[in-house]
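Listed here are the chains, written in short residue letters.
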Amino acid sequence: MKQKIIVTGGCGYIGSHTVVELITHNFEVVILDDLSNSNIKTLDRIAKITGIRPIFEQLDLKNSEQTKAVFQKHKDTAAVVHFAAYKAVAESVQNPVMYYKNNFFSLLNTLEAQLEQGINNFIFSSSATVYGEPKKLPITEENQVQRPFSPYGNTKKIAEEILEDMVKAHQDFSTISLRYFNPIGAHLSGNLGELPNGIPNNLMPYITQTAAGIRKELQVFGNDYDTKDGTAIRDYIHVVDLADAHVKTVKRLLNKKQEKSLEIFNLGTGNGYTVLEVIQSFEKITKKPLNYKIVSRRAGDVPALYASTELAKEKLNWETQLNIDDMVASSWKWEENLKNEKN
Ligand code: WQD
């Protein structure tokens with residue numbers, strides 16, 4: 001019998017790619033999503049890639065009763081992968097209450113409902129933002145956690161603290177928190193990818209939308225950082241590699257391989273690229289010049305962030321397979337597919 005996995009936020013960007021990999025690895029998936037920042041069509045896209053349509057429950061995880069009812073219905077679940085959250089940094093600065101309310105109510109209701117059903121495995125979608133401006137590079141899991149600049153980032157930091165308390169209080173509860181660096185790219189088929197709502201905040205969707213003519217020009221935020229070309233460095237990771245790490249994490253929990261009841265892993269490639277290097281890769285792959293201009297730094301940006309990947313390699317037996325050109329090429333393929341769908 002297939003093992004059942006609940007994926008909250010499974011219609012979102014990273015969630016949907018993880019659902020594809022879970023299905024491919026023979027898990028039965030139940031998606032819980034309120035579709036507030038995602039699209040029901042994602043289920044068709046997943047079905048097109050995998051041949052299987054995941055079970056879908058539309059609900060608001062901020063609603064405790066609804067959440068409990070869904071977990072009661074799927075009490076034969078082996079593990080929960082929790083993606084459901086708001087994630088726009090600037091929006092969280094403008095509206096902290098909305099962010100704290102959404103990200104914590106949904107987290108707490110999920111934890112409460114799963115405990116009630118005796119579902120004791122939980123994977124949390126965290127972020128490298130919890131390291132703030134790092135004092136040491138590459139960033140290992142031992143790097144000091146700092147209060148993130150944004151309320152969004154702070155929801156990730158506090159959520160990890162909640163998980164620390166959970167494992168102390170509940171002996172059977174096991175959890176793994178995955179700290180993502182900069183996920184970009186799309187499914188290699190071009191049939192699944194990121195669907196940013198409105199004007200994108202992140203670099204990659206901004207690049208592809210500019211090249212597609214949806215945006216006039218890309219603004220490069222600062223070229224006066226102490227880096228090789230002056231633009232900021234990030235550890236971009238292909239979303240398909242990231243999804244694969246989640247499957248390995250689920251298996252680690254289900255096979256009772258974890259060494260501590262709360263484990264934390266960085267998920268990055270270990271390679272840092274500057275903004276201009278990403279643009280160069282894009283121009284090389286698409287053979288299209290990108291319209292961009294250098295502007296001043298964006299508030300809250302740090303000069304350089306990249307991961308040490310040793311721990312994930314050793315404990316999860318996971319390494320990234322796809323490089324920056326694969327990330328850029330798949331993002332562009334997805335953007336072009338979206339354009340064709342609209343026409
Ligand atoms: C990357 C680089 C920008 C847009 C954020 C969150 C993080 C995580 C991922 C998400 C930076 C530069 C960007 C643009 C640019 N969480 N840039 N022009 O800021 O590293 O991380 O997204 O859920 O928590 O903070 O990613 O893609 O916004 O920026 O020059 O129009 O590209 O300054 O150096 P970031 P990003």
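Just so we're clear, the structure is a prediction, and the values are computed from it rather than from any experiment.

Chemist: Could you clarify how one ought to interpret the overall build of the chain in this entry?
Modeler: Scanning the chain from terminus to terminus reveals 11 helices and 13 strands. Taken against the 2.2 N^0.38 rule, which gives 20 Å for 343 residues, the C-alpha radius of gyration of the chain at 19 Å falls within 12% of a compact globule. If you line up the chain on its principal axes, its C-alpha atoms span 55 × 50 × 40 Å. Relative to its full complement of 343 residues, the chain shows a buried share of 55%. Contacts in the chain between residues at least 24 apart in sequence constitute 79% of all its contacts with a sequence separation of at least 6.

Chemist: Quick question: what am I supposed to make of the packing of helix α5 (residues 96–116) against helix α6 (residues 151–169) here?
Modeler: Axes are the key here: two packed helices are described by the angle between their axes and the distance separating the axes. In the contact formed by α5 and α6, the axes pass within 10 Å of each other and the chain directions differ by 25°. The orientation of α5 with respect to α6, classified from their angle, is roughly parallel. Once α5 is placed against α6, the crossing between them reads as right-handed. Facing P96, Y99, Y100, N103, F104, L107, L108, L111 and L115 of α5, the residues of α6 in contact are P151, Y152, N154, T155, I158, A159, I162, L163 and M166.

Chemist: Please explain the pattern of salt bridges as it appears in this structure.
Modeler: Opposite charge on two side chains makes pairing possible when the charged atoms of those side chains draw close. One pass over the structure, following the stated rule, counts 20 salt bridges. As a salt-bridge pair, D325 and K284 come within 2.7 Å of each other at their nearest N and O atoms. Taken as a pair, D325 in helix α11 (residues 324–342) and K284 in helix α9 (residues 275–286) lie far apart in primary sequence, 41 residues in all. Residue K284 is classed as exposed on the basis of its relative accessible area, which comes to 51%. Counted as one network, the salt bridges with shared partners bring together R252, E259, E263, E314 and K315.

Chemist: Looking at this structure, how should I read unusual backbone geometry?
Modeler: Note on backbone geometry: most residues besides glycine have negative phi, and most peptide bonds are trans. P138 follows L137 through a cis peptide bond whose omega is -10°. Note on placement: P138 falls in the loop between β5 (121–127) and α6. With phi around 55°, K256 is a residue other than glycine that occupies positive phi space. For K287, which is not glycine, the phi dihedral falls at a positive 55°. With respect to the helices and strands, the residue K287 is situated in the loop between α9 and β13 (292–295).

Chemist: Can you help me understand helix α1 (residues 13–24) in this one?
Modeler: An α-helical turn contains 3.6 residues, so any two residues separated by three or four positions project in the same direction. Compared with an ideal rise of 1.5 Å per residue, which puts 12 residues at 16 Å, α1 spans 17 Å between its outermost C-alpha atoms and is within 8% of the ideal. Of all the 12 residues making up α1, 11 are buried; the element is thus mostly covered by neighbouring parts of the structure. Among all positions of α1, only Y13, I14, G15, S16, H17, T18, V19, V20, E21, L22 and I23 are buried. Where α1 ends, the next residue or the one after it, N26, has phi of about 75°, a positive value.

Chemist: What am I meant to see in the packing of helix α3 (residues 64–73) against α5 here?
Modeler: Two elements in contact, α3 and α5, have axes separated by 9 Å at closest approach and are oriented at 40°. Regarding α3 and α5, the two cross each other, and that crossing is right-handed. Mapping the contact onto sequence places S64, T67, K68 and F71 in α3 and N109, T110, E112, A113, Q114 and E116 in α5. Per-class residue counts for the contact of α3 with α5 are 2 nonpolar, 5 polar and 3 charged.

Chemist: Please explain the side chain of S330 as it appears in this structure.
Modeler: Position of S330 among the secondary structure elements: in helix α11. For S330, a relative accessible area of 5% puts it in the buried group. With near-sequence residues (within four places) excluded, S330 lies in contact with G185, A186, H187, L188 and H238.

Chemist: Just checking my understanding: could you explain the domain arrangement of the chain for this structure?
Modeler: Accessible area lost during the coming together of the parts is what is often quoted as the interface size. Looking at the chain, the domain boundaries give domain 1 (4–184 + 237–267) and domain 2 (203–234 + 270–342). Taking only C-alpha atoms into account, the centre of domain 1 sits 24 Å from that of domain 2. Across the boundary between the two partners, domain 1 contributes 27 residues, which contact 28 residues of domain 2. Both sides together, the interface formed by domain 1 and domain 2 hides about 2500 Å², and carbon and sulfur atoms give 68% of it. Ranking the residues of domain 1 by area buried against domain 2 places I184, H238 and D241 at the top, with a combined share of 24%. Summed over the shared surface of domain 1 and domain 2, the number is 2 salt bridges. R45 serves as the salt-bridge partner of E341, at 2.9 Å between the closest nitrogen and oxygen. Applying the counting criterion to the domain 1 and domain 2 interface returns 9 residue pairs in polar contact (both at pLDDT 80 or more). Of all elements in the fold, only β7 (182–184), β10 (236–238), α8 (239–254) and β11 (262–267) reach the threshold of two or more residues within the side of domain 1 that touches domain 2. If one sorts the elements of the side of domain 1 that touches domain 2 by residue count, α8 sits on top with 7 residues. Tallied by class, the residues present in the side of domain 1 that touches domain 2 amount to 13 nonpolar, 6 polar and 8 charged.

What counts, and where the lines are drawn
- Each residue is numbered by its place in its chain's sequence as written, counting from 1.
- For this predicted model, a pLDDT threshold of at least 70 governs which residues receive local features, and a threshold of 80 or more governs which side-chain atom pairs are given and counted, while totals over whole chains, interfaces and linings are taken from all residues.
- As a rule here, side-chain values come from all non-hydrogen atoms in the structure, and water together with hydrogens is ignored.
- Labels follow the DSSP assignment, with helices taken as runs of H or I lasting at least four residues and strands as runs of E lasting at least two, numbered in each case from the N terminus.
- It is over C-alpha atoms that the radius of gyration is taken, and the globule rule equals 2.2 Å times the number of residues to the power 0.38.
- Exposure categories follow from relative accessible area, calculated using a 1.4 Å probe and restricted to protein chains: below 20% of the type maximum is buried, above 50% is exposed, and the middle band is partly exposed.
- Note on definitions: a residue-residue contact is assigned when non-hydrogen atoms from the two residues lie within 4.5 Å.
- Fitted lines through C-alpha atoms serve as axes, helices being fitted only where they are in contact, and the angles separating the N-to-C directions of these axes extend from 0 to 180 degrees.
- Should an angle fall under 35 degrees it is taken as roughly parallel, and over 145 as roughly antiparallel, whereas 65 to 115 is taken as roughly perpendicular and any remaining angle as oblique.
- Helix crossings fall into two classes, left-handed where the near helix is turned counterclockwise from the far one by less than a right angle and right-handed where it is turned clockwise.
- Here, a salt bridge means any Lys or Arg side-chain nitrogen found within 4 Å of an Asp or Glu carboxyl oxygen.
- Expected helix span is given by 1.5 Å per residue-to-residue step, counting one fewer step than there are residues.
- Following the grouping adopted for this structure description, the nonpolar residues are Ala, Val, Leu, Ile, Met, Phe, Trp, Tyr, Cys and Pro, the charged ones are Asp, Glu, Lys and Arg, and the polar ones are all others, Gly among them.
- An automatic or database domain assignment supplies the residue ranges for each domain.
- Here the buried area means the combined drop in accessible surface, using a 1.4 Å probe, for two parts upon being joined, counting both sides.
- In protein, a polar contact requires one atom able to donate a hydrogen and another able to accept it; more generally it is a pair of N or O atoms within 3.5 Å, and residues adjacent in sequence count only if both atoms are side-chain atoms.

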